[in-house]
Amino acid sequence: MSTVSSLQATILVIEDEPAIRAAVADALREAGADARIAATAADAIRESFESQPHLYILDLGLPDKSGVDLCRELRAASDAPIIILSARASEAEKVALLRVGADDYVTKPFSVAELLARCEAHLRRARATARPVDDARNRRVSLNARTPPARRGAGGVRHPTAGPRPG
Ligand code: CA
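Here's what I pulled together on the structure shown here. The model shown is predicted, which means the values in this text are computed figures rather than measured ones.

Points about the coordination of the calcium ion
Around a metal, the perfect tetrahedron of four donors has angles of 109.5 degrees, and the perfect octahedron of six donors has angles of 90 or 180 degrees.
Move 1: Only Glu 15 (OE), Asp 16 (OD), Glu 17 (OE), Asp 59 (OD) and Gly 61 (O) from the protein coordinate the calcium ion, and they sit 2.2 to 3.0 Å from it.
Move 2: Written as a sequence motif, the donor arrangement for the calcium ion is E-D-E-x41-D-x1-G. Pair noted here: Glu 15 is in the loop between β1 (10-14) and α1 (18-30) and Gly 61 is in the loop between β3 (55-59) and α3 (67-77), with a separation of 46 residues, a long-range link.
Move 3: In this structure Gly 61 comes out as partly exposed when scored by relative accessible area, which is 30%.

Pasting the structure below:
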């Protein structure tokens, strides 16, 4: 994808439509991302815990939970950017999603190139704001009250924007 330089990040694609899920995941992998997938809200919560994504792409039309509720739950557990994907375009719903922690909104049908570019932009900004926390870690002081230093990298709550994973 010539419009995106590289997406060195773990990205969770939450979408119940197999064709869209595969197209987005394939494009992300082609751009260098570690793309994880989930077809339901339950899968998404489990995968989010296991892989601690740097960014979420969340389709609103899931079979088992409202997009607003899932967005709120993901945000409660992670600071990673959340990009909403939806055919619906109600202004009230967009406002509700932004209020519960969504960072961006892409309306279907969408351009994969545009979605990747938005992923790149959100990851770049997330990494930029994560740097002071990394500096603080070296002094054994965390500026981020939601991420106790003792749990970093130990399978607990990892700051999702702390930069690329080893390996
Ligand atoms: Ca859907």
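Concerning unusual backbone geometry
Move 1: In this chain, Lys 108 is followed by Pro 109 through a cis amide linkage whose omega measures -5°.
Move 2: Among the secondary structure elements, Pro 109 is positioned in the loop between β5 (104-107) and α5 (112-138).
Move 3: Unlike most non-glycine residues, Gln 52 shows phi in positive territory, near 45°.
Move 4: As for its position among the elements, Gln 52 is in the loop between α2 (41-51) and β3.

Details of the packing of aromatic side chains
Move 1: Per the stated rule, a full pass over the model turns up 0 aromatic pairs.
Move 2: Directly above the ring of Tyr 105 sits Lys 94, whose terminal nitrogen or CZ lies 5.0 Å from the centroid.

A closer look at the packing of α2 against α3
Move 1: Following both chains from N to C, one finds α2 and α3 inclined at 10°, their axes separated by 11 Å at the closest point. In this view, α2 runs roughly parallel relative to α3, as classed from their interaxial angle. Between α2, through Ala 41, Ala 44, Ile 45 and Ser 48, and α3, the contact on the second element is made entirely by Leu 70, Glu 73 and Leu 74.
Move 2: Here the residues of the contact of α2 with α3 are counted per class, giving 5 nonpolar, 1 polar and 1 charged.

What counts and how
Residues numbered from 1 in each chain as written. Predicted model: local features only at pLDDT ≥ 70, side-chain atom pairs only at ≥ 80, totals over all residues. Heavy atoms only, no water. Donors = N, O, S within 2.8 Å, 3.2 Å for Na, K, Ca; no water. Helix = DSSP H or I, 4+ residues; strand = E, 2+ residues; numbered from the N terminus. Buried < 20%, exposed > 50% of the residue type's maximum accessible area, 1.4 Å probe, protein only. Phe/Tyr/Trp six-rings, centres within 6.5 Å; stacked < 30°, edge-to-face > 60°. Lys NZ or Arg CZ within 6 Å of the ring centre and 35° of its normal. Axes fitted to C-alpha atoms, helices over the stretch in contact; angles between N-to-C directions. Parallel < 35°, antiparallel > 145°, perpendicular 65-115°, else oblique. Contact = heavy atoms within 4.5 Å. Nonpolar A, V, L, I, M, F, W, Y, C, P; charged D, E, K, R; others polar.

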